[in-house]
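In case you want the letters, here they are:
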Amino acid sequence: MDQWKQKEFQKLVKDVTPTHNLGLQMLKAFLVGGSICTLGQFILNIAGNNFGLDKEAAGSWCSLILVLLSVLLTGLNIYPGIAKWGGAGALVPITGFANSVSAPAIEYQKEGQVFGIGCKIFTIAGPVILYGILASWGLGVVYWIGKMMGLM
């Protein structure tokens, strides 16, 4: 009886476990990520050529516009569909980070400013911020030691 239950359980797990086509997933991620990067390059070109901004200012405007678009698309419930279809291609760029901050804020706004938005806004982005700061600090120490030893 136990062996039969085990086989039935394994069959059930196999039936409900989604299978993924790695090549197709990579293609979708490439298309979505590439589209976001192409849009960013378009914004950089427009800001630099048409508005006469220097490279740094154009980059800042590009980041701001991409974050704004990501938050707007998240609020309109469009970006989650893009992220589901495009996978890492939508989640890795700055737009994915903006989505990870704005999505909990939008979801928990009904619980109030403090206990809803304030407590839940960094549930997804918090670890990214933490480990990003930790990694940059660690690399900064390595760079500093390298400079002191004359390696860099």
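As the structure is a prediction and not an experimental result, all values here were calculated from the model.

Q: Can you explain the overall build of the chain? Please cite residues and give values.
A: Along the backbone of the chain there are eight helices and zero strands. Start at the N end of the chain and walk to the C end: the helices and strands fall as α-α-α-α-α-α-α-α. The C-alpha radius of gyration of the chain comes to 22 Å, more than 25% above the 15 Å expected for a compact globule of 152 residues. By principal-axis analysis of the C-alpha atoms, the chain measures approximately 75 × 50 × 40 Å. Taking all 152 residues of the chain together, 20% fall into the buried category. The long-range share in the chain, meaning contacts at least 24 apart out of those at least 6 apart in sequence, stands at 50%. Carbon and sulfur atoms form 70% of the exposed surface of the chain, whose accessible area is close to 11,400 Å². Looking at the chain, you have 10 positive and 7 negative side-chain charges, and the mean spots of the two groups are 6 Å apart.

Q: Would you mind going over the packing of helix α2 (residues 22-50) against helix α4 (residues 79-86) in detail, with residue names and values included?
A: Interhelical geometry of α2 versus α4 gives an angle of 135 degrees and a closest axis separation of 8 Å. With respect to α4, the element α2 is oriented oblique. Contact with α2, carried on its side by K28, A29, L31, V32 and I36, involves Y79, I82, W85 and G86 of α4 and no other residues of that element. Classifying every residue of the contact of α2 with α4 by side-chain character gives seven nonpolar, one polar and one charged.

Q: Describe the confidence of the model for the chain, listing the residues and the values that go with them.
A: Looking at the chain as a whole, the pLDDT averages 87, with 99% of positions reaching at least 70. By mean pLDDT, the top-scoring element of the chain is α2 (94), and the lowest-scoring one is helix α7 (residues 113-120) (73).

Q: Please provide a residue-by-residue account of the packing of helix α3 (residues 55-75) against α4, values included.
A: Following both chains from N to C, one finds α3 and α4 inclined at 100 degrees, their axes separated by 6 Å at the closest point. Judged by the inter-axis angle, α3 sits roughly perpendicular to α4. Contact with α3, carried on its side by S70, L73 and T74, involves Y79, P80 and I82 of α4 and no other residues of that element. Among the residues forming the contact of α3 with α4, the class breakdown is four nonpolar, two polar and no charged.

Q: Can you explain the pattern of salt bridges? Please cite residues and give values.
A: For the structure shown, the criterion picks out one salt bridge. The partner of D15 in a salt bridge is K11, and the shortest N-O contact between them spans 3.4 Å. Linking D15 with K11, this pair stays in helix α1 (residues 2-16), spanning four residues, or about one helical turn.

Q: Now, about unusual backbone geometry: what can you tell me, with residues and values included?
A: Although it is not a glycine, N77 sits at a positive phi angle of roughly 60 degrees. Since its relative accessible area comes to 58%, N77 is described here as exposed.

Rules used in this analysis
- Residues numbered from 1 in each chain as written.
- Predicted model: local features only at pLDDT ≥ 70, side-chain atom pairs only at ≥ 80, totals over all residues.
- Heavy atoms only, no water.
- Helix = DSSP H or I, 4+ residues; strand = E, 2+ residues; numbered from the N terminus.
- Rg over C-alpha atoms; globule rule 2.2 N^0.38 Å.
- Buried < 20%, exposed > 50% of the residue type's maximum accessible area, 1.4 Å probe, protein only.
- Contact = heavy atoms within 4.5 Å.
- Areas by Shrake-Rupley, 256 points an atom, 1.4 Å probe, with all protein chains shown as cover.
- Lys, Arg positive; Asp, Glu negative; His and termini not counted.
- Charge placed at Lys NZ, Arg CZ, Asp CG, Glu CD.
- Axes fitted to C-alpha atoms, helices over the stretch in contact; angles between N-to-C directions.
- Parallel < 35°, antiparallel > 145°, perpendicular 65-115°, else oblique.
- Nonpolar A, V, L, I, M, F, W, Y, C, P; charged D, E, K, R; others polar.
- pLDDT = per-residue confidence, 0-100.
- Salt bridge = Lys/Arg side-chain N within 4 Å of Asp/Glu carboxyl O.

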